[in-house]
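Breakdown of the fold
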Amino acid sequence: MTDRIKRLLHPNTIAVIGGGVWCAEVIVQLEAFGFDGEIWPVHRTASNLAGRAAFARLEDLPAAPDAAFVGINRHASIDAVQCLSAMGAGGVVCFASGFSEVLGKDTYGNELQSRLVRAASEMPILGPNCYGFINAVDGVALWPDQHGCKKVTSGVAILTQSSNIAINLSNQMRGLPIAYVATCGNMAQLSQAALARAMLDDPRVTAIGLHVEGFSDLRRWEDMACVAHEKGVPVVILKVGASKNAQSATVSHTASLAGSDAGAQALIDRLGFTRVHDLSVFLETLKLLHMAGPLGSGQIASISCSGGEASLMADTALGSGLTFPPLTSDQTRELSEVLGPMVALANPLDYHTYIWRDANKMARAWAVMMTADVAMTFTIVDYPHVNRHDWECATQAAIKAHLETGRPMGLVASLPELMPLDVVEELSSAGVVPFFGLREAVAAAAASMRISAPVRLPVALPGEVRASAVLTEASGKAQLAHYGLDVPVGIVVLEDNSLASAASKLKPPFVLKGLGIAHKSEAGAVRLNLTPELLSAAAKKMPCNTFLLEEMVTGAVAELLVGLTQDPAHGFVLTIAAGGVFTELMEDKVSVLVPADRSVLDLALSRLKVSKVLSGFRGSDPANWEAILDAIEALQSYVLANVDVLVEVEINPLICTKERAVAADVLIRKG
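Described in the following lines is the structure provided in the data block. This one's a predicted model, so the numbers in the text were calculated from it and none came from an experiment. Each chain carries its own residue numbering, running from 1 in the direction its sequence is written. Restriction of local features to residues with pLDDT of at least 70 applies here, the model being predicted, together with a cutoff of 80 or more for giving and counting side-chain atom pairs; totals for whole chains, interfaces and linings are based on all residues. Each side-chain value is derived from all of the structure's non-hydrogen atoms; neither hydrogens nor water enter the calculation.

**Observations concerning the overall build of the protein chain**
Secondary structure elements follow DSSP: runs of H or I of four or more residues count as helices, runs of E of two or more count as strands, with numbering from the N terminus. When you go through the protein chain residue by residue, the secondary structure sums to 24 helices and 30 strands. Contact between two residues is taken to exist if any of their heavy atoms lie within 4.5 Å; hydrogens are not considered. Considering only intrachain contacts with a sequence separation of at least 6, the fraction spanning at least 24 residues in the protein chain is 71%. Here the Shrake-Rupley method, with its probe set to 1.4 Å, supplies the accessible areas, and only the displayed protein chains count as covering residues. On the protein chain, roughly 27,600 Å² of surface is accessible, and the fraction owed to carbon and sulfur atoms is 52%. Here the positive residues are Lys and Arg and the negative ones are Asp and Glu; neither His nor the chain ends is included. Think of each charge as sitting on NZ of Lys, CZ of Arg, CG of Asp or CD of Glu. The centroid of the 52 positive side-chain charges in the protein chain is displaced by 3 Å from the centroid of its 68 negative side-chain charges.

Right under this line is the structure:
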């Protein structure tokens, strides 16, 4: 289908099917964009549409169109799509609504959408319930409304499920060249991943931005991510909405700890994409990637003529992953020569106004900051709305410093409204990135730094489990032990009068647990550090009559939770967190998707706050790091062997000692 998608996106002939203002506007937008191919209106009764002679039937067209805008009601759209498919058309934009997006118990919309897909056969459908697309590099706009795109030679591609958001983004005035805008609507057949994959074949696309409501067909996303990386096209995701699939009833703490969005974030990380959380940062990140590409590191430099701005930059970058490397002795010497003895030299740099209006000296000072180890240098300049002549020196200094060093330079207006559009054009044409807002600039730089190579291992896809049950702890531990997990030595005791006999076979102190209870601590079904004499009394206080007696694991350095939940939208979400009874309270967690290789697990473990304790905090004994990774890999091996039936697994706590990593408590739910 990829070749037919290309034909749809780069048409020479376009059929516009239907009447009214929407279809007329498609013709208006095509003409305004300078489309130089054939436009064929089709209407049963009207002789012309938007001043162009109309054909009465699709069968009357001179040839099968490369692209068609189907702007008629949902029932008639199905018939038109079937006719276009039989003719051999390249593809269609289906504008009509009333398909699967209709909420409620009525399934008629879903049935109609299925009929639409069958009618199309192998012909690509964009939609239904969508505006269409704009191809600004070739001057094509299958678009029934106004937009802000202009013809460009190269630029970014923006894909969204929301037509209204697409209109708004197309009207940005931030110096971001947009090559494509596409709305995907219901994605009955043509997904965002498939459409983005087709756009990657256009070398004029420099970056891709996707507004995503939900992921589906993960194999297409994995393929697109690999191609994007191979072609050097970075991808930015604005993910909205939490996955309802991950909010199904669970028994373990893991799902609530990870949160419904954990699977989406883990998938985005795995694909090598970067994620942002608002439209403004979305646009600024795409602009940075278009002009400078992903930053090679988080090391940045900041220049301003105000100590207040220098402090704002430092505070804004706090916690973003961006750092300010200290000045070297050579930098200090060179800056002293330019700025004089009255300026305190540091990064961020407040250069005062002693050299203001001298563009050459300003450029010389700024170039000193732009060393090879600095990924991006920001200079903060807010332009007044009138009488900007006195600020021209800053524009020229930024351009001169960038051209002389060849290093990435961004000029930042701390408030977006203080960046004039003519300055944007001047900076952009010289390769200096104009940033709208200090927060946005920092967030964009941090986001670009997160672009990475995708994980090549396919995500493990869960099976469809219609019913499930919780295994006893003893059974769960036995199954995990088979895959190499270290578990305590223990015996299942069917009645409390057998505890003494069982205890004689184990080494005290003991842990006594009531079986058949998911959250034992909350139910009072766990007693620790017991001697043989205390076992019977402890058992009588538990709300059960079957027990697990185990040798107690001592010498804990720290406790972890290692859990997994099935998320049909994203695969299996593996969560590692600070463990024990205060797991949710600590909120120290990280999630990845299965399978993950040992290096990914090692990095995830190191990102936890509790990793400092595991590594030996303030001279205390460290835990056995490799044993912890062995335990996580053992759990993962079990998961991969049970993907068709597994719903959730939780080890809490995983007791980490100097020698071992022992699964003290296990919960497994399987189909």
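**Comments concerning helix H16 (residues 438-449)**
For a helix, the expected span equals 1.5 Å multiplied by the residue count minus one. For H16, spanning 12 residues, the distance from its first C-alpha to its last is 17 Å, which sits close to the expected 16 Å at 1.5 Å a residue. Categorising residues by exposure relies on relative accessible area from a 1.4 Å probe, with only protein chains included: less than 20% of the type maximum marks a residue as buried, more than 50% marks it as exposed, and the intermediate range marks it as partly exposed. Taken together, the buried positions of H16 are occupied by Leu438, Glu440, Ala441, Val442, Ala444, Ala445, Ala446, Ala447 and Ser448. On the buried face of H16, the contacting elements are strand E14 (274-276), helix H10 (279-292), helix H11 (307-317), strand E17 (376-380), strand E18 (409-413) and strand E19 (433-436).

**Here we look at the packing of aromatic side chains**
Pairing of aromatic rings covers Phe, Tyr and Trp, the last through its six-membered ring, and needs centres within 6.5 Å; plane angles under 30 degrees mean stacked, over 60 mean edge-to-face, and all others mean tilted. Tallying each qualifying case throughout the model produces 10 aromatic pairs. Ring centres of phenylalanine 95 and tyrosine 131 lie 6.0 Å apart, and the angle between their planes is 55 degrees; on these two criteria the pair is classed as tilted. Linking phenylalanine 95 in the loop between strand E6 (92-94) and helix H4 (108-120) with tyrosine 131 in the loop between strand E7 (125-126) and strand E8 (133-135), this pair joins segments that are 36 residues apart in sequence. No difference in accessibility class separates phenylalanine 95 from tyrosine 131, as the two residues are buried. Ring geometry for tyrosine 131 against tryptophan 143: centres 5.4 Å apart, planes inclined by 80 degrees, an arrangement best described as edge-to-face. Taken as a pair, tyrosine 131 in the loop between E7 and E8 and tryptophan 143 in the loop between strand E9 (140-142) and strand E10 (155-160) lie far apart in primary sequence, 12 residues in all. Taking relative accessible area as the criterion, tyrosine 131 reaches 14% and is therefore assigned buried. Assessed through its relative accessible area of 0%, tryptophan 143 is described here as buried. Joined through ring pairs, the aromatic side chains of Trp22, Phe69, Phe95, Tyr131 and Trp143 make up one cluster.

**Quick notes on helix H13 (residues 359-369)**
Within the span of H13, buried status applies to Met362, Ala363, Ala365, Trp366, Ala367, Val368 and Met369. Tucked into the core, H13 has its buried residues touching strand E15 (300-304), helix H12 (329-339), strand E16 (349-350), E17, helix H14 (392-405) and E18.

**Describing the pattern of salt bridges**
The rule for a salt bridge is simple: a side-chain nitrogen of Lys or Arg has to be within 4 Å of a carboxyl oxygen of Asp or Glu. Considering all chains together, one arrives at 33 salt bridges under this definition. For arginine 204, the salt bridge is made with aspartate 202, and the minimal N-O distance between the two is 2.9 Å. Classification of arginine 204 as partly exposed rests on a relative accessible area of 26%. By relative accessible area, which is 7% here, aspartate 202 ends up buried. Lysine 287 is the salt-bridge partner of glutamate 284, the closest N and O atoms lying 3.1 Å from each other.

**Details of the sheet that holds E7**
Strand order in this open sheet of five strands is E2-E1-E5-E6-E7, and the pairing throughout is parallel. In the strand order of this sheet, the two ends are held by strand E2 (38-42) and E7, each with one partner. Direction of pairing for E6 relative to E7: parallel, over a ladder of two bridges. Bridging across to E7, valine 92 finds its partner in isoleucine 125. Only when DSSP finds a minimum of two bridges between them are two strands counted as paired.

**Regarding the nonpolar core**
With 88 residues, the main nonpolar core has Leu195, Ile208 and Leu210 as its most contacted residues. The criterion is simple. A nonpolar core is a set of buried Ala, Val, Leu, Ile, Met, Phe, Trp, Tyr and Cys residues joined through side-chain atoms within 4.5 Å. Counting 43 residues, the second largest nonpolar core, distinct from the first, contains Ala627, Leu635, Tyr638 and Val666.

**Structural notes on unusual backbone geometry**
A cis geometry characterises the amide bond from asparagine 347 onward to proline 348, with omega recorded as 5 degrees. Its place among the elements puts proline 348 in the loop between H12 and E16. In this chain, valine 594 is followed by proline 595 through a cis amide linkage whose omega measures 0 degrees. Assignment of secondary structure puts proline 595 in the loop between strand E27 (589-593) and helix H22 (598-606). The phi torsion at arginine 357 lies on the positive side, around 85 degrees, for a residue other than glycine. As for its placement among the helices and strands, arginine 357 is situated in the loop between E16 and H13.

**Quick look at the pairing of E18**
For E18, a buried count of five out of five residues is recorded, marking the element as mostly surrounded by other parts of the structure. Every second residue of E18 is oriented toward a common face, with Met409, Leu411 and Ala413 on one face and Gly410 and Val412 on the other, all of them buried. Judged from the four bridges that link them, E17 and E18 form a sheet pairing that is parallel. Residue threonine 379 lies in a different strand from E18, and its bridge partner there is leucine 411. The crossover handedness rule: strands pointing away from the viewer, path from first strand over the helix to second strand clockwise, crossover right-handed. One crossover worth recording links E17 to the parallel E18 by way of H14, and it is right-handed. Sheet analysis places E18 next to E19, joined by four bridges and oriented parallel.

**Focus: the packing of H22 against helix H24 (residues 625-641)**
Only the contacting stretch of a helix is used when fitting its axis, a line to C-alpha atoms as for every element, and angles between N-to-C directions run 0 to 180 degrees. Contact geometry of H22 with H24 gives a least axis separation of 10 Å together with a crossing angle of 120 degrees. Judged on the interaxial angle alone, H24 and H22 are oblique. The crossing of H22 and H24 is right-handed. In this structure, H22 uses Arg598, Leu601, Asp602, Leu605 and Ser606 to contact H24, whose residues at the interface are Trp625, Glu626, Ile628, Leu629, Asp630, Ile632, Glu633 and Gln636. Charged residues are taken to be Asp, Glu, Lys and Arg, nonpolar residues to be Ala, Val, Leu, Ile, Met, Phe, Trp, Tyr, Cys and Pro, and polar residues to be all remaining types, Gly included. In the contact of H22 with H24, the residues fall into six nonpolar, two polar and five charged. For classification purposes, an angle smaller than 35 degrees is called roughly parallel, one larger than 145 roughly antiparallel, one from 65 to 115 roughly perpendicular, and anything else oblique. In this scheme, a crossing is called left-handed if the near helix is turned counterclockwise away from the far one by less than a right angle; it is called right-handed if the turn is clockwise.

**A closer look at the side chain of threonine 183**
Residue position: threonine 183 is located in strand E11 (residues 178-183). Of the residues examined, threonine 183 reaches a relative accessible area of 0% and is grouped as buried. In the analysis that follows, any N or O atom pair within 3.5 Å is treated as a polar contact, provided that within protein one partner can donate a hydrogen and the other can accept it, and provided that, for residues neighboring in sequence, both atoms belong to side chains. At 3.1 Å, the side chain of threonine 183 forms a polar contact with the backbone nitrogen of tyrosine 131. With sequence-adjacent residues up to four places away left out, threonine 183 is seen in contact with Leu126, Cys130, Tyr131, Gly132, Trp143, Thr160, Ser162, Ser163 and Ala166.

**Things to note about the pairing of E15**
Counting buried positions along E15 yields five of five residues, so the element is predominantly enclosed. Side chains Ile300, Ser302 and Ser304 project from E15 onto one buried face, and the interleaved Ala301 and Ile303 project onto a second face that is buried too. Two strands pair when backbone bridges link them, and E15 and E17 are joined in this way by four bridges, in the parallel orientation. Paired with isoleucine 303 across the bridge in E17 is threonine 379. Where E15 and E16 come together, two bridges link them in parallel fashion. From the neighbouring strand, serine 304 faces E16, where its bridge partner is aspartate 350.

**Focus on the sheet that holds E18**
As summarised here, the arrangement of the five strands in space is E16-E15-E17-E18-E19, forming an open sheet in which the pairing is parallel. One side of each edge strand has no neighbouring strand; the edge strands of this open sheet are E16 and E19.

**A few points about the state of the cysteines**
Disulfide: a pair of cysteine sulfur atoms within 2.5 Å of each other. By the definition in use, this model includes zero disulfides. Looking at cysteine 130, it has no disulfide partner, and the nearest cysteine sulfur is the one in cysteine 94, 7.5 Å off. When its relative accessible area of 1% is taken as the criterion, cysteine 130 is described as buried.

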